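Examination of the molecular architecture
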Amino acid sequence: MSGRTERGASRHPCQTKLDRKANCYQECPLVTPAPLIEMRGITKSFGAVKANEAVDLSVAPGEILGLLGENGAGKTTLMNVLFGAYAPDAGEILVEGRPVAIHSSADALAAGIGMVHQHFHLAPRLTVLENLLIGIPGKSGRIDRAGGLARLKEIGRQHGLNLDPNLPVSALSVGEQQRLEIVKALFRGARLLILDEPTAVLAPSEVDGLFAALRSMAAQGLGIIFISHKLNEVRALTHRCVVLRLGKVAGRVDRPASTTSAEMAKLMCGHEIVPPTKEASTPGASVLTLDGISTSGHGGTPLRDVSLFVRSGEILGIAGVSGNGQRALADVISGMLRPRAGAMTIAGKAVAQFSPRELQGLGLGRIPEDRMTTGLVTNLPLADSMVLPRIGTEAFSRKGLLNPAAIRAFAEAQIKAYDIRCPGPTVRAGALSGGNLQKALLARELAFDPKVLIVSQPTRGLDIGAARFIHEKFLAMRAKACGIIVIGEDLEELLMLSDRIAVMYEGRIAGTLSSTDATVARLGLMMTGAEGHA
Amino acid sequence: MFRLEARSSTPAWFNLALPLLAIAIALLLCSGLIAVAGAGVVEAYGVMLSASLGDSYAITETLVRAAPMIFTGLAVAIAFRAKFWNIGAEGQLLAGAVASCAVGAIPMPGYLAMLLMALVGAAAGALVALVPATLRVKFKVDDVVSSLLLNSVIYYALMALIEGPWKDTFSGYPISPPIEDSANFPVLIEGTRLHLGVIVALIAAPLCWFLIARTTLGFKIRVTGENPEAARYGGINVQRVLLSTALLSGALAGLAGVGEVGGVHFQVMSDISPGYGYSGIVVAMLARLNPLGVVPAAIFLAAVMTGAEAMSRATGVPAFLSDVIQGTALLAMLVALLFTAYRIRRVGAS
Ligand SMILES: Nc1ncnc2c1ncn2[C@@H]1O[C@H](COP(=O)(O)OP(=O)(O)OP(=O)(O)O)[C@@H](O)[C@H]1O
Ligand SMILES: [Mg+2]
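Attention in this report is confined to the structure presented alongside it. Note that the structure is predicted; figures quoted are calculated from it, not measured.

1. Some words on the overall build of chain B
Check the secondary structure of chain B and you find 13 helices and 2 strands. Relative to the compact-globule value of 20 Å for 350 residues, chain B shows a C-alpha radius of gyration of 21 Å, a close match. For the C-alpha atoms alone, the extent of chain B along its principal axes is close to 80 × 60 × 35 Å. Counting the 350 residues in chain B, one finds 52% classified as buried. Total accessible area computed for chain B in this model is approximately 15,200 Å², and 69% of it derives from carbon and sulfur atoms. Separation between the mean location of the 20 positive side-chain charges and that of the 18 negative ones in chain B comes to 19 Å.

Structure follows, in structure tokens:
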């Protein structure tokens, strides 16, 4: 429990009730204060799975605690226990030294614990202010709009969390929705804020804003628990880390800033993670060509005269600030959106219908950005999701009759080949962890040896080990002469994988760099539209 | 203190236990009403049981009543699988009845007439179901509302028919002319009303199960219902699946009407269905949308209906009790379904 307040938290004047404790601690460091919250010996099982086992964890006022671990290590479960969604099988929770019983989120909020879930809990048709005031009775049962507005403004000013109170939530970007969730928690008097993978849904540019807000809140004495798979973020933001592995505390990091990512990765996985080696490859003929593609009538930024190509044995990265047409590009290539103008060929054959089935038939493999909503059917058995795109083919059905044995055999074989951790092909797909879902999607495409593969955000939400596995598969496909398009926001990942990187800006290709010319700085510049390059 | 906690998987025995639990709760709640009506609870339920399942004749009567609800239950179960909210089985049943009655009144060889009645009745039901499905697919009209409202449209159209041009000139009552005698469905057991349509209904259930579980169309229906976006991404034409589901669902509901005309009433009148279309929703929910479960669920409701009439005669408790039992069973089932997703956990106060 050392080195808790070396950054930021000290020297801030006591302004609000919230940081009474923090202030005392800073002024008289010899007195050990009661931690803001403490979890002792938390154990929680789901059937045979021990999601948490005798976990101890504490957060001091003003401290940002990182919570690390592989997919399925039990981070979310632990936080759900703290937030009252699950009752622990054993263990206790103390708030400022006093044991408390937290049986519901209402109890948690009353104890000063707020949580920003990965999937937001907002009412899309209501405005920002109304969402803020849900469940908060004002005087004599009427809603106190004026008071709410004042608090919203104040919180916004203090931490740079500005929001238009009258906009409906459906009009907010994901980043703004997250900001609203944070404001909501603060509004309800949270003294400890839990953020479950908040950066997974943010563009890199938005991450800085979030971090500034979190630091400002910590400086006022708030405790923060921050979950992320991105170790550089953890190192930049947190004061201390707890690493979970298979539900148990595998280690603690007292000075994340001066610990290397490799060391942390080793704590998480129990072994070293070596970066994959990218063999030199000589690309062959073009397997996918887009020629002057333009789109319209789509939610996001439309494509404007986009031309690009991928050759066999080549990985083309598509970089860009999110919302610059990447969604439309992925949708056109994967057959979800018919372009208004332009032509596309796959392995020399012109695409006519732009339907998923036609494109699959031409040898295209597709992995969608949103695994849970676009990729899989969470309520049905995993096997169903694994055969879904090819259910009408000879492999899985004949004359309109399913071949259950073939479906099962296929799913079982892929589960084995890709080491998908699950009880079996009949398990609900939604019960799998993010990394295992991604493996399943990869398996269902790669099993049919695609000539071209289009993937969006392939490792979002995945732990380092799982991300490495996915990268290795891409490189292996590249070696087998598959052409791959990777749309992503993580520049380091793109640089590591790609042979060429195209940058999208406002629906156009702003320029394409070969991997030898591309640097983070140069790509960053092109992403702002500053530098064009052909 | 108790609270609900999300569960990740549902044990298989829940499929059986939940409907039984719902039925038990419904009967328990209704025993209060029986007591209020001044009858003995045990006696009343005893009469219900013996009148509906007590002897072979009672059993055949219950089966005759169950047949239309098997069809409407299947219609609803298949539609709900695709999340096509077909509340219009009642109207589709009536359309099937009218169409098959019109065909059955044309003189022709008996088996041809029966076959044509089934085909035309199913087609009529399918066409009616196509209306809300098309409105939803093309214009995003809410299918619950449109399919429900269509029931009234069809009911009053039927009334207009049998009060007007189609009125039976022979009897002068607002009923349609009867179908040809040769088109009457054969009775399977002498002295009962157990007709061919009941057997067809009993066969339809496993066929529907096969369709849902073992065909690519069934696969597409399941996937479309659970996640239309993933279905579309996977290359399934979601709109076409919804329309196919509607056709299928409407055809099944139409067959319910065919059975009533060909096997029970031999003509169309205003009360040809005492709400079999709506009971189909209860049946489908009790069956947890499993076509195989539809058969016992429909037989249960049929037993309640036949039993309630006898009970009413014997004890003076109004026969409306059967509607109350249906309603509470549906509510209890909807609540019970909560336990497929949640478990109750005791949390200590310590
Ligand atoms: N409601 C549940 N029912 C059954 N098992 C569950 C449930 N929630 C989580 N688990 C299991 O508990 C374990 C821990 O899951 P948890 O979601 O806490 O992991 P995590 O560390 O948050 O992973 P990720 O990084 O992928 O978010 C996993 O094995 C998971 O499958
Ligand atoms: Mg998690």
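There's more to say after this.
2. A word on the pairing of strand S10 (residues 248-253) of chain A
Residues and elements named next belong to chain A. Note that strand S9 (residues 240-245) and S10 share 5 bridges and pair antiparallel. Note that in S10 the partner of Leu 244 across the bridge is Val 249. Between S9 and S10, which pair antiparallel and follow one another directly, the connecting turn spans 2 residues, one of which, Leu 246, has a positive phi of 50 degrees.

3. Describing helix H3 (residues 56-81) of chain B
Residue and element names in this part refer to chain B. Its 26 residues place the ends of H3 35 Å apart at the C-alpha level, agreeing with the 38 Å of an ideal helix rising 1.5 Å per residue. Burial within H3 is extensive, with 21 of its 26 residues counted as buried. The N-terminus of H3 is capped by Asp 55, whose side-chain oxygen sits 2.9 Å from the backbone nitrogen of Tyr 57. The first or second residue beyond H3 is Lys 83, which carries a positive phi of 60 degrees.

4. Thoughts on the packing of helix H2 (residues 41-53) of chain B against helix H12 (residues 291-315) of chain B
Residue and element names in this part refer to chain B. Interhelical geometry of H2 versus H12 gives an angle of 125 degrees and a closest axis separation of 7 Å. Considering the angle they form, H2 stands oblique to H12. The two elements H2 and H12 cross, and the hand of that crossing is right-handed. Between H2 and H12, the residues in contact are Glu 43, Ala 44, Val 47, Met 48, Ala 51, Ser 52 and Leu 53 and Ala 303, Val 304, Thr 306, Gly 307, Ala 308, Ala 310, Met 311, Ala 314 and Thr 315, respectively. Taken together, the residues of the contact of H2 with H12 sort by class into 11 nonpolar, 4 polar and 1 charged.

5. Let's talk about the side chain of Lys44(A)
Inspection of the secondary structure assignment puts Lys44(A) in strand S1 (residues 37-46). In terms of polar contacts, Lys44(A) uses its side chain to reach the backbone carbonyl oxygen of Ala87(A), at 3.3 Å.

6. As for the site of ligand 1
By nearness alone, 15 residues border ligand 1, and Asn71(A), Gly72(A), Lys75(A), Thr76(A) and Thr77(A) come closest of all. Around ligand 1, the nearby residues trace back to chains A and B. Between ligand 1 and Tyr86(A), the relevant distance is 3.2 Å, taken from a nitrogen atom to a side-chain nitrogen or oxygen of the residue. For ligand 1, whose free accessible area comes to 640 Å², the fraction covered by protein is 77%. Ranked by residue count, the leading element in the shell around ligand 1 is helix H2 (residues 75-82) of chain A, at 3 residues. Each residue belonging to the shell around ligand 1 can be placed in one class, and the counts come to 5 nonpolar, 7 polar and 3 charged.

7. Observations regarding the interface of chain A and chain B
Quite often, the size of an interface is put as the accessible area lost when its parts meet. Taken together, the contact between chain A and chain B spans 37 residues of the former and 25 residues of the latter. In total, chain A and chain B occlude about 2,700 Å² of area from one another, counting both sides; carbon and sulfur atoms represent 58% of this. The largest per-residue losses of area from chain A upon contact with chain B belong to His103(A), Met336(A) and Leu402(A), which jointly make up 22% of the total buried on that side. With a shortest N-O distance of 3.3 Å, Asp384(A) and Arg222(B) are connected by a salt bridge. Run the count over chain A and chain B and you get 9 residue pairs in polar contact (both at pLDDT 80 or more). Of all the secondary-structure elements, those providing two or more residues to the side of chain A that touches chain B are helix H11 (356-361), strand S16 (364-367), helix H12 (371-375), helix H13 (382-387) and strand S18 (401-402) of chain A. Considering each element in turn, the side of chain A that touches chain B owes the most residues, 4 residues, to H12(A). Across the side of chain A that touches chain B, the residue classes break down as 20 nonpolar, 10 polar and 7 charged.

8. Overview of the packing of aromatic side chains
Residue and element names in this part refer to chain A. Throughout the structure, instances matching the rule amount to 9 aromatic pairs over all chains. Residues Phe 211 and Phe 226 carry aromatic rings whose centres are separated by 5.7 Å and whose planes lie at 80 degrees to one another, so their mutual orientation is edge-to-face. A residue pair is termed long-range when its members are at least 10 positions apart, and Phe 211 in helix H7 (residues 204-219) and Phe 226 in strand S8 (residues 223-227) qualify at 15 residues. Given a relative accessible area of 6%, Phe 211 falls into the buried group. A relative accessible area of 0% places Phe 226 in the buried class. Ring centres of Phe 396 and Phe 410 lie 5.0 Å apart, and the angle between their planes is 70 degrees; this geometry places the pair in the edge-to-face category. Residue Phe 396 is found in the loop between H13 and strand S17 (397-398), and its partner Phe 410 is found in helix H14 (residues 404-417); the two are separated by 14 residues along the sequence. Linked through ring pairs, Phe 396, Phe 410 and Phe 448 together constitute an aromatic cluster. Positioned over the ring face of Phe 469 is Lys 439, at 4.8 Å from the centre of the ring. The lysine or arginine in question, Lys 473, covers the ring of Tyr 418, its NZ or CZ lying 4.6 Å from the ring centre.

Each value, and the rule that gives it
Residues numbered from 1 in each chain as written. Chains lettered and ligands numbered in written order. Predicted model: local features only at pLDDT ≥ 70, side-chain atom pairs only at ≥ 80, totals over all residues. Heavy atoms only, no water. Helix = DSSP H or I, 4+ residues; strand = E, 2+ residues; numbered from the N terminus. Rg over C-alpha atoms; globule rule 2.2 N^0.38 Å. Buried < 20%, exposed > 50% of the residue type's maximum accessible area, 1.4 Å probe, protein only. Areas by Shrake-Rupley, 256 points an atom, 1.4 Å probe, with all protein chains shown as cover. Lys, Arg positive; Asp, Glu negative; His and termini not counted. Charge placed at Lys NZ, Arg CZ, Asp CG, Glu CD. Pairing = 2+ DSSP bridges. Expected span 1.5 Å × (residues − 1). Polar contact = N/O pair within 3.5 Å; in protein donor to acceptor, adjacent residues only side chain to side chain. Axes fitted to C-alpha atoms, helices over the stretch in contact; angles between N-to-C directions. Parallel < 35°, antiparallel > 145°, perpendicular 65-115°, else oblique. Left-handed = near helix turned anticlockwise from the far one by under 90°. Contact = heavy atoms within 4.5 Å. Nonpolar A, V, L, I, M, F, W, Y, C, P; charged D, E, K, R; others polar. Near = heavy atom within 4 Å. Buried area = accessible area lost by both parts, 1.4 Å probe. Salt bridge = Lys/Arg side-chain N within 4 Å of Asp/Glu carboxyl O. Phe/Tyr/Trp six-rings, centres within 6.5 Å; stacked < 30°, edge-to-face > 60°. Lys NZ or Arg CZ within 6 Å of the ring centre and 35° of its normal.

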